[in-house]
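Structural features, examined
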Amino acid sequence: LSAAKTVLIVYAHQSAGSFNAAVKDAAVDVLKKQGCNVLVSDLYEMKFEATATKEDITGEVKNPEHFCYGEETMLAWQEGRLASDIVEEHKKLKEADIVIFQFPMYWFSVPAIMKGWMDRVLTLGFAYTSEKRYSAGIFREKKAMLSFTTGSHETMFSSNGINGDMNVTLWPVQNGVLNYCGFQVLPPQVFWAPTHLSAEARDSLLKGWRTRLQGLLSEAPLSFPPVDSFDKVKGFQLKAEVHEKQADSPFGLTVGHHLEKPLPPHSQMKAGV
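Residues numbered from 1 in each chain as written. Predicted model: local features only at pLDDT ≥ 70, side-chain atom pairs only at ≥ 80, totals over all residues. Heavy atoms only, no water.

To continue, consider the nonpolar core. Leu93, Val99, Phe101, Met114, Trp117, Met118 and Leu122 are the most contacted members of the largest nonpolar core, which has 41 residues in total. Going through the elements one at a time, strand S1 (6–11), strand S3 (98–104), helix H4 (112–121), strand S4 (143–149) and helix H5 (166–179) are the ones with two or more residues in this core. A total of six residues in this core trace back to one element, the largest contributor, which is H5. In this structure Leu93 touches Leu8, Val99, Trp117, Val121, Leu122, Phe126, Phe139, Lys142 and Phe183, once residues within four positions along its chain are discounted. Judged by nonpolar contacts, the second largest core, of 22 residues, contains Val7, Tyr11, Leu31 and Trp209. (Core = buried A, V, L, I, M, F, W, Y, C linked by side-chain atoms within 4.5 Å. Buried < 20%, exposed > 50% of the residue type's maximum accessible area, 1.4 Å probe, protein only. Helix = DSSP H or I, 4+ residues; strand = E, 2+ residues; numbered from the N terminus. Contact = heavy atoms within 4.5 Å.)

Written out as structure tokens, the structure reads:
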């Protein structure tokens, strides 16, 4: 038998009575029943610090006149001088085979406390470097995914809807944070406007999630072009041969690399489209 997988759930909701809490609890339950080791970082419960400051470093900073967070924390990480709450999260991340971010969508993104987790825990050197990023990233053996509730209905987050395409909304976090650190990004789990639903309808959403969790560890990730598709000498532009290969495609490569073509449908929502 393969070793038990470790799952880290980074969870941001203020209330244990919330739908987000029920979703998180369902994940803990189903994954534990599968023999997974499940870790939960309950950010509000932990009173997790959201802002990246000098306080994240113990001892002297190298350049107090011009404090540069990335460089200073990389040095502190190398020398074992990072704040204990960051070190704790690093330990969990190191162990994790998969990370699930569970949250209510705030302003088309993650809540501040979760953004703070990303800002502070994905330390330069530990989570990425300019050489080790995207498909060459440090966490390429790990998987990550977003699981979240929206305030708006699904129709509002469509290409014709008032909020625009959810695939565009998800690109900054899924590509710019998760894929950037090398994670294989699993398709997101979106719970559309649960506050507008009946208790029965919410229950059926939870059932669907529990079903998905049964096979989560073997799911195919979303696709992003590998780093070698880009020409380092030409400012990391897509190589000419990639353009040529895509010439006959009616759509661009991804939401972000759309080659001035129509956006590929579901590029950030479903694997293998």
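So that's the structure; there's more coming.
Here we come to the environment of Asp231. If you trace the backbone, Asp231 turns up in strand S7 (residues 230–231). When residues no more than four places from it in sequence are discounted, the contact partners of Asp231 are Phe236, Gln237 and Lys239.

Our next topic: the pairing of S1. Of all the six residues making up S1, six are buried; the element is thus mostly covered by neighbouring parts of the structure. Every second residue of S1 is oriented toward a common face, with Thr6, Leu8 and Val10 on one face and Val7, Ile9 and Tyr11 on the other, all of them buried. Here S1 runs beside strand S2 (residues 37–42); their pairing, made up of six bridges, is parallel. Bridge pairing links Thr6 to Asn37 in S2. The β-α-β motif built from S1, the intervening helix H1 (residues 19–33) and the parallel element S2 has right-handed crossover chirality. (Pairing = 2+ DSSP bridges. Right-handed = clockwise from strand over helix to strand, strands pointing away.)

Counted at 1.5 Å a residue, the expected span for helix H3 (residues 84–95) with its twelve residues is 16 Å, and the 17 Å between its end C-alpha atoms agrees. Three or more residues of H3 are buried, namely Ile86, Glu89, His90, Lys92 and Leu93. The arc enclosing the buried residues of H3, seen along the axis, measures out at 165 degrees, which places them on a common side. Away from its buried face by more than 90 degrees, H3 exposes Ser84 and Lys94. (Expected span 1.5 Å × (residues − 1). Arc of directions from axis to C-beta.)

With that out of the way, let us pick up unusual backbone geometry. With a phi close to 50 degrees, Lys47 is a non-glycine residue in the positive phi region. Its place among the elements puts Lys47 in the loop between S2 and helix H2 (69–78). Residue classification places Lys47 among the exposed positions, given a relative accessible area of 73%. The residue Phe236 is not glycine, and still its phi comes out positive at about 55 degrees. Note that Phe236 resides in the loop between S7 and strand S8 (237–238).

Turning our eyes to something else, we now look at the pattern of salt bridges. Here the structure, examined in full by the defined rule, presents ten salt bridges. Salt-bridge contacts for Lys33 lead to Asp29; the nearest nitrogen and oxygen are separated by 3.1 Å. Placement of the pair is Lys33 and Asp29 together in helix H1, with a separation of four residues, close to one helical turn. Two residues, Asp85 and Arg120, come together in a salt bridge whose shortest N-O distance is 3.0 Å. Of the two residues, Asp85 is situated in helix H3 and Arg120 in helix H4; the sequence distance between them amounts to 35 residues. By relative accessible area, which is 26% here, Asp85 ends up partly exposed. (Salt bridge = Lys/Arg side-chain N within 4 Å of Asp/Glu carboxyl O.)

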